[in-house]
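# Commentary on secondary and tertiary structure
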Amino acid sequence: MTAIAPKRAQREQFRAARDTENAGGLPRKRFYRQRAHANPFSDHALEYPASPEDMDWAEYYPNYVAESTADEASSSRPRPLKQHIEIVDIGCGYGGLLVALSTVLPDKLMLGLEIRSQVTAYVQERIYALRKQLAGGYQNAACIRANSMKFLPNFFRAAQLSKIFICFPDPHFKARKHKARIVSTTLNSEYAFVLRPGGIVYTITDVEPLHLWMVEHFDAHPSFERVAEDEAESDPCVAVMRAETEEGKKVARNKGHKFVALFRRREDPPW
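Please read all numbers here as calculations on a predicted model, not as lab measurements. (Residues numbered from 1 in each chain as written. Predicted model: local features only at pLDDT ≥ 70, side-chain atom pairs only at ≥ 80, totals over all residues. Heavy atoms only, no water.)

### Overview of the nonpolar core
Trp57, Tyr61, Leu111, Phe156, Ile164 and Tyr191 are the most contacted members of the largest nonpolar core, which has 42 residues in total. The leading source of residues in this core is helix α7 (residues 208-219), at five residues. Among residues more than four places away in sequence, those in contact with Phe156 are Pro52, Ile85, Val88, Leu111, Leu113, Leu161, Phe193 and Val194. By size, the runner-up hydrophobic cluster in this structure holds 33 residues, among which are Cys92, Leu101, Met241 and Leu262. (Core = buried A, V, L, I, M, F, W, Y, C linked by side-chain atoms within 4.5 Å. Buried < 20%, exposed > 50% of the residue type's maximum accessible area, 1.4 Å probe, protein only. Helix = DSSP H or I, 4+ residues; strand = E, 2+ residues; numbered from the N terminus. Contact = heavy atoms within 4.5 Å.)

Structure below.
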């Protein structure tokens, strides 16, 4: 009996066949399956920069790398981007939101953060394949493996971001697991740090108790105010968030409810 090749070998076989027969073919999700949730408190041996200036983005946004000046050429730090990353999808899953937003907001750089290694590899392969299919397209989207709960300020400067998406996060139903939720008093302060005044946090879930939890914690934070429902519904990003994520599509198939709430970063008070 022939042994079944492990996932990694199957992926390599698929890539070889794709490159030979159909350059730019999309990756197959079945080769990148991984358990739905990861423990954010575990040591995942992640790589992260000491500061945002130390992050080398050239691999992820090759079309946006700035030309080196004489001083930068002699520096050990990587070349900066022509423009800053503005949009972040925390826990981006299989990249449905990233891919859709890339065409809706083509002049903005956006990044997916995903803690699961297999899922991150899938999103990266998906974006690279889409770039081959559409010349000049999807250059503004990328995905890296990262733990947002630990290292968000390592990647982004103060007031750098204009939008943060938190789509269908792990609800962590048990009370003792609530500390692992991606929305909390402490984490909201980090979101306030990396968001510019006027920036927006977008949240969506099909779990009403989690929705109420997120609303409660953002409402209680002095740096955020809730966006009115009529304004939220008119935001084109909300429609994309509802329809394009894998979890959103699953909820729609099951005729479930989607609870949406947006929160705007307030202006800092005068010192």
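### A look at α7
For α7, spanning twelve residues, the distance from its first C-alpha to its last is 16 Å, which sits close to the expected 16 Å at 1.5 Å a residue. Among all positions in α7, only Leu210, His211, Trp213, Met214, Val215, His217 and Phe218 are buried. (Expected span 1.5 Å × (residues − 1).)

### Quick notes on the pairing of strand β5 (residues 195-205)
Most of β5 sits inside the fold, with eight of its eleven residues counted as buried. Pairing geometry for strand β4 (residues 161-167) and β5, over six bridges, is parallel. Bridging from a neighbouring strand, Ile166 pairs with Thr203 of β5. In this fold, the crossover linking β4 to β5 by way of helix α6 (residues 185-194) has right-handed handedness. As paired strands, β5 and strand β7 (residues 259-265) are joined by six bridges and run antiparallel to one another. Within the sheet, the bridge partner assigned to Val201 lies in β7 and is Phe263. (Pairing = 2+ DSSP bridges. Right-handed = clockwise from strand over helix to strand, strands pointing away.)

### A few points about empty space enclosed by the protein
For the coordinates displayed, the defined rule picks out one cavity of 30 Å³ or more. Roughly 30 Å³ of volume is contained in the largest cavity. Every residue along the wall of the largest cavity is listed here: Tyr60, Gln124, Ile127, Tyr128, Arg131, Ala141, Ala142 and Cys143. Sorting the residues of the lining of the largest cavity by element identifies α4 (117-133) and β3 (141-145) as the ones contributing at least two each. Sorting elements by how many residues they give to the lining of the largest cavity places α4 first, with four residues. Here the lining of the largest cavity is composed, by residue class, of six nonpolar, one polar and one charged. (1 Å grid on protein atoms, 1.4 Å probe; cavity = no way out; pocket = protein on both sides within 12 Å on 5 of 7 lines; lining within 4 Å. Points joined across faces, edges and corners; volume = space filled by probe spheres on them. Nonpolar A, V, L, I, M, F, W, Y, C, P; charged D, E, K, R; others polar.)

### Brief notes about unusual backbone geometry
A positive phi is found at Tyr138, a non-glycine position, where the angle reads about 60°. Within the secondary structure, Tyr138 is located in the loop between α4 and β3.

### Digging into the side chain of Ser162
Position of Ser162 among the secondary structure elements: in strand β4. On the basis of relative accessible area, Ser162 is assigned to the buried category, the value being 15%.

### Thoughts on the pairing of strand β1 (residues 85-90)
Judged by how many residues are buried, β1 sits mostly within the fold: six of six residues are covered. Alignment of β1 against strand β2 (residues 109-114), held across five bridges, turns out to be parallel. Directly across from Ile90, in β2, lies its bridge partner Leu113. For the segment spanning β1, helix α3 (residues 96-104) and β2, crossover handedness is right-handed. Pairing of β1 with β4, which is carried by four bridges, proceeds in the parallel orientation. Considered in β4, the bridge of Val88 is made with Ile164.

### Here's the deal with the packing of aromatic side chains
Going through the model one piece at a time under the given rule, you end up with nine aromatic pairs. Measuring from centroid to centroid gives 6.1 Å for Trp57 and Tyr60, while their planes differ by 70°, and the two rings are edge-to-face. Each ring, one from Phe218 and one from Phe224, has its centre 5.0 Å from the other, and the planes form 80°; the classification is edge-to-face. The burial state of Phe218 is the same as that of Phe224; both residues are buried. The ring of Trp213 has Arg181 sitting right over it, with the charged end atom 4.7 Å from the ring centre. (Phe/Tyr/Trp six-rings, centres within 6.5 Å; stacked < 30°, edge-to-face > 60°. Lys NZ or Arg CZ within 6 Å of the ring centre and 35° of its normal.)

Function cannot be inferred from these measures alone, as they are strictly geometric.
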